[in-house]
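Structure assessment
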Amino acid sequence: MSSARSRLFQQNTIAHSAAIDGVGIHSGRPVELRLHPAPANSGIRFRRIDSGGVEIPALASHICSLELATTLGRDDVTVSTVEHLMAAIYIAQIDNLLIEVDGSEVPILDGSAIPYCRLLEAAGTRRQNASRRILVVTEPLEIEVDGKRARISPYPGLRVSYLLDYALPSIGRQAIDFTIDPETFLQELAPARTFALMSDIEQLQRSGLGLGGREDNCVVFDTAGPINTRLRFADEPVRHKALDAVGDFALLGCPVWGHLEVERGGHLVHFRLIEHLKRNRQAWTWIRADASEDLPITDLGEASPLFADAGPEPTAASS
């Protein structure tokens, strides 16, 4: 088997522990986050070290809230705003990782995924003696939620097409279409920062959200454009939405090959499509590399444990 194929179908963890600190964008509280190598087949797990060491698997089955961010929970313990970190982990092809956090929210840092990408680069990668399976979409699936649409269809890799359509003229209608690989993600999506509308800021803060938003971690728009910073891309908002989608789909717990198309979406729409995918087993299959074969072969065995029942319905706000 070629070395490229071997890497594609072999699990990885990080080579060294690494740490970063910041504030939670919604709580406004300081948070320290540490990444540690983890054994093969253990997956991505969050450990709340300030709450008795409760561990929360980074899987869609543990989503408990989608209110302006993706929140995971277990035994009444939660960790929120995981999507930027999860996108960076997915792109780094890390399968097994222990993430220690001393608060209820992942640090927002500069509002993008770039700091997490750099942190993972510094931690390095260690290949593990365990095989990885890839979820391959074989039939198109589509959902609609309150006029918002999402679709996933066959594609040899991960491709994301995203359409944003805001009434606010300074954002308006934006669209992107990228095949997602490490280079493209780092250049085109990872730098895109979270954003908010000036008209929503006061309402957010009255609800106890957005308390950690600052000039250096969030782009704030009014009718004329961004009021607190310069844009990194003319269409930065739609790029950030696509970044969020990569992070949300990382909660499937495995690499995904498919073309994801989202129109006027957000975390709730991403979650609905993930759930639709989980329910429609005929629309996807596993591929893996067999030790005795030079080519990937279809794995028609039973579904992964990651497709367990989703548990309680997550709460959601417009996002």
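Note that this is a predicted model, so its numbers are computed, not measured.

1. Brief notes about the overall build of the chain
Across its full length, the chain holds seven helices and 22 strands. Among the 319 residues that make up the chain, the fraction classed as buried is 57%. When contacts within the chain are restricted to residue pairs at least 6 apart in sequence, those whose partners lie at least 24 apart make up 73%. Put simply, the chain shows about 13,800 Å² of open surface, and 48% of that area lies on carbon and sulfur atoms.

2. Points about the pairing of strand 3 (residues 30-37)
Inspection of the sheet shows strand 2 (residues 18-23) paired to strand 3 by six bridges, in the antiparallel sense. Bridge pairing links Gly 22 to Val 31 in strand 3. Between the antiparallel neighbours strand 2 and strand 3 lie six residues, among them Gly 28 with a positive phi of about 75°. Pairing of strand 3 with strand 9 (residues 97-101) involves five bridges; the strand directions are antiparallel. From the neighbouring strand, Leu 33 faces strand 9, where its bridge partner is Val 101.

3. Observations concerning the pairing of strand 20 (residues 284-289)
Looking along a regular strand, one sees the side chains alternate between the two faces of the sheet. Judged by how many residues are buried, strand 20 sits mostly within the fold: five of six residues are covered. Bridge analysis of strand 11 (residues 134-137) against strand 20 gives four bridges, and the strand direction is antiparallel. What sits directly across from Val 136, in strand 20, is Thr 285.

4. Focus: the sheet that holds strand 17 (residues 219-222)
Here we have three strands laid out as an open sheet, ordered 16-17-18, and mixed in their pairing. For this open sheet the edge positions go to strand 16 (195-197) and strand 18 (225-226), each flanked by a neighbour on one side alone. The sheet contact formed by strand 16 and strand 17 spans three bridges and is parallel. Across the sheet, Leu 197 pairs through a bridge with Phe 221, a residue of strand 17.

5. Focus on the nonpolar core
Counting 83 residues, the largest nonpolar core has Phe 46 and Phe 185 as the members making the most contacts within it. Dropping the residues within four chain positions of it, Phe 185 is found in contact with Ala 87, Ile 91, Ala 113, Cys 117, Ile 180, Ala 190, Pro 191, Leu 243 and Val 246. Val 23, Ile 108, Ala 196 and Cys 218 belong to the second largest nonpolar core, which has seven residues in total.

6. A look at the packing of helix 6 (residues 236-249) against helix 7 (residues 267-279)
At their nearest, the axes of helix 6 and helix 7 sit 10 Å apart, and the two run at 40° to each other. The element helix 6 and its partner helix 7 pack so that their crossing is right-handed. Each of Lys 241, Asp 244, Ala 245, Asp 248 and Phe 249 in helix 6 lies in contact with helix 7, whose residues at this interface are His 267, His 270, Leu 273 and Ile 274. Residue composition of the contact of helix 6 with helix 7, by class: four nonpolar, two polar and three charged.

7. Re the sheet that holds strand 2
The five strands are arranged 2-3-9-4-5 in an open sheet whose pairing can be described as mixed. One side of each edge strand has no neighbouring strand; the edge strands of this open sheet are strand 2 and strand 5 (54-57). Geometrically, the sheet is characterised by an average inter-axis angle of 25° between neighbouring strands, direction not taken into account. Lying on the sheet, helix 2 (residues 83-91) is in contact with strand 3, strand 4 (44-48) and strand 9; it crosses strand 4 at an angle near 145°. Contacting strand 2 and strand 3, helix 3 (residues 114-123) crosses the sheet at an angle of about 160° to strand 2.

8. Comments concerning the packing of aromatic side chains
The full count for this structure, using the stated rule, is three aromatic pairs. Arranged with centres 5.4 Å apart and planes meeting at 80°, the rings of Trp 284 and Trp 286 form a pair that is edge-to-face. On the basis of relative accessibility, which here comes to 2%, the residue Trp 284 falls in the buried class. You can call Trp 286 buried: its relative accessible area is 1%. Aromatic rings pair up to connect Tyr 166, Phe 195 and Phe 221 into one cluster. The side chain of Arg 133 reaches across the aromatic face of Trp 286, ending 4.3 Å from its centre. Its guanidinium or amino end placed over the ring of Phe 233, Arg 239 lies 4.2 Å from that ring's centre, counting from NZ or CZ.

9. Considering unusual backbone geometry
In this model, Asn 41 sits at a positive phi of 65°, which is unusual for a non-glycine residue. With respect to the element layout, Asn 41 can be found in the loop between strand 3 and strand 4. Residues other than glycine seldom take positive phi values, yet Gln 93 does so here, at roughly 60°. By secondary structure assignment, the location of Gln 93 is in the loop between helix 2 and strand 9.

Definitions and cut-offs
Residues numbered from 1 in each chain as written. Predicted model: local features only at pLDDT ≥ 70, side-chain atom pairs only at ≥ 80, totals over all residues. Heavy atoms only, no water. Helix = DSSP H or I, 4+ residues; strand = E, 2+ residues; numbered from the N terminus. Buried < 20%, exposed > 50% of the residue type's maximum accessible area, 1.4 Å probe, protein only. Contact = heavy atoms within 4.5 Å. Areas by Shrake-Rupley, 256 points an atom, 1.4 Å probe, with all protein chains shown as cover. Pairing = 2+ DSSP bridges. Core = buried A, V, L, I, M, F, W, Y, C linked by side-chain atoms within 4.5 Å. Axes fitted to C-alpha atoms, helices over the stretch in contact; angles between N-to-C directions. Left-handed = near helix turned anticlockwise from the far one by under 90°. Nonpolar A, V, L, I, M, F, W, Y, C, P; charged D, E, K, R; others polar. Phe/Tyr/Trp six-rings, centres within 6.5 Å; stacked < 30°, edge-to-face > 60°. Lys NZ or Arg CZ within 6 Å of the ring centre and 35° of its normal.

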